[in-house]
Every structure is written in C-alpha cells, then in structure tokens.
Amino acid sequence: MAGTSHARDAEDFFAGEPVGLETFRRVDAALTALHDDVVVRVSRSQVAFRRRRGLAALWVPGRYLRRAAAPVVLSVATRERIDSDRFKDVVHPGPWMHHLEVTDPGQVDDEVLGWLRTAADEAGAPADRPASGAPPRGA
C-alpha cells in the first residue's frame, strides 16, 4: 500500500507539476482502494505502481521531450490491447503498454479507472492464470 513516505516522494517527483501531482493522488487513491497490496515506487524517471508485477506508471514527458504535449503521461500495462483513441501510443511486446497524455487530472475518469482496475487485477494474478480466476488458457 502507498505510504506517506511514498506520497512525499511523489510530491518531490512532481514538484512544479500540479497536474502530475493531482493525477498521482487520483491514481494512488483509486488503486489502493482496489487492492491493499499496491506498492508505489518513485524513481528518477517515474512513479510506478505495482502488485506482483508493474501495472501503471506516471512520468513527466517534458523532462525527456523538447515539445511535450502534456504535463504528465499515465502508462497502463495490461495483458490485452485496449482499443481507445484516447491513447497517444500503445506498444508491445511484453504486456501491452498504453500511454495516456494527461492535461487535466479530471481525465482520470471512470473509463481510465476501469483500465487501472484491469491492470491492477492482472498484476496481482499469477502469470499463467487470468485475473478472473478462470483456468489458464489451454487447460
């Protein structure tokens, strides 16, 4: 679960980035309400959310790109591709990584929370078993 030290670390990470900080608070609150084993890891490049595996990350594109279109990007990892025009980019192999440019924390809406729920459920499930608890494929 995200602790207060992680919140302080995230506040430091998003210093001067109010959209990033409020987006972090929304994502953190949503994920920790879903699962009590969500861990927040703050590194130099991102704020990552994990269970057994990584499920989402927030990062500041302006630190890496000359012309960033958004103050923060939410990257969501799922086993299946999510089809939505809201994503700036979707990459694979490994888990499908969906990159959502966030210009307003209000963009973390019910649709995005649904994607985060899927990612969090999958990140806590054993690799060979779907998050639904159904038998592994091919069994």
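The rules behind each value
All chains use their own residue numbering, which begins from 1 and follows the written sequence. Residues qualify for local features only when their pLDDT is at least 70, as the model is predicted, and side-chain atom pairs are given and counted only at 80 or more; totals for whole chains, interfaces and linings, by contrast, use all residues. Excluding hydrogens and water, the side-chain values take into account all heavy atoms of the structure. Secondary structure counts use DSSP, requiring at least four H or I residues in a row for a helix and at least two E residues in a row for a strand, with both numbered from the N terminus. Burial classes: relative accessible area under 20% of the type maximum marks a residue as buried, over 50% as exposed, and values in between as partly exposed (1.4 Å probe, protein chains only). Between the rings of Phe, Tyr and Trp (Trp by its six-membered ring), a pair exists once the centres lie within 6.5 Å; its type follows the angle of the planes, with under 30 degrees stacked, over 60 edge-to-face, and the other angles tilted. Per residue, pLDDT measures the predictor's confidence, with a range of 0 to 100. Any two residues having at least one pair of non-hydrogen atoms within 4.5 Å are treated as being in contact. Every helix has an expected span of 1.5 Å times one less than the residues it contains. Directions are taken from the helix axis to each C-beta atom, and the arc is the one they span. Each polar contact in these results corresponds to two N or O atoms within 3.5 Å; when the atoms are within protein, one needs to be able to donate a hydrogen and the other to accept it, and residues that are neighboring in sequence are counted only if both atoms are side-chain atoms. Two strands qualify as a pair provided DSSP detects at least 2 bridges between them.

Colleague: Tell me about the environment of Asp-28, and please be specific about residues and values.
Modeller: Take Asp-28: it is sitting in helix α2 (residues 18-34). With a relative accessible area of 14%, Asp-28 lands in the buried category. In the structure, Asp-28 is positioned eleven residues away from Val-39 in sequence and 9.5 Å away in space, judged by C-alpha atoms.

Colleague: Outline the packing of aromatic side chains, listing residues and values.
Modeller: As enumerated under the stated definition, the model contains five aromatic pairs in all. Taken together, a centroid distance of 6.0 Å and an interplanar angle of 25° make the contact between Phe-24 and Phe-49 stacked. Residue Phe-24 is found in helix α2, and its partner Phe-49 is found in strand β2 (residues 47-50); the two are separated by 25 residues along the sequence. Across the pair, Phe-49 and Phe-24 agree in class, each one buried. Members of the aromatic cluster, joined through ring pairs, are Phe-13, Phe-14, Phe-24 and Phe-49.

Colleague: Describe the confidence of the model for the protein, naming the residues involved and giving the relevant values.
Modeller: On average, residues of the protein score 88 in pLDDT, and 86% of them are at 70 or above. This model gives residues 134-139 a pLDDT under 50, and the stretch forms seven contacts once residues within four places in sequence are excluded.

Colleague: Give a detailed account of helix α3 (residues 110-124), specifying residues and quantitative values.
Modeller: The terminal C-alpha atoms of α3, which comprises 15 residues, lie 21 Å apart, in line with the 21 Å expected from a rise of 1.5 Å per residue. Along α3, the residues that are buried comprise Val-112, Trp-115, Leu-116, Ala-119, Ala-120, Glu-122 and Ala-123. All buried residues of α3 lie within an arc of 165° about the axis, which places them on one face of the element. Where α3 is buried, its residues contact α2, β3 (54-59), β4 (72-78) and β6 (96-102). For α3, the N-terminal capping position is held by Asp-109, with its side-chain oxygen 3.2 Å away from the main-chain nitrogen of Glu-111.

Colleague: Give a description of the pairing of β4 that names residues and reports values.
Modeller: Burial within β4 is extensive, with seven of its seven residues counted as buried. Of the two faces of β4, the one carrying Val-72, Leu-74, Val-76 and Thr-78 and the one carrying Val-73, Ser-75 and Ala-77 are both buried. Two elements, β3 and β4, share four bridges in a ladder whose sense is antiparallel. Considered in β4, the bridge of Ala-57 is made with Ser-75.

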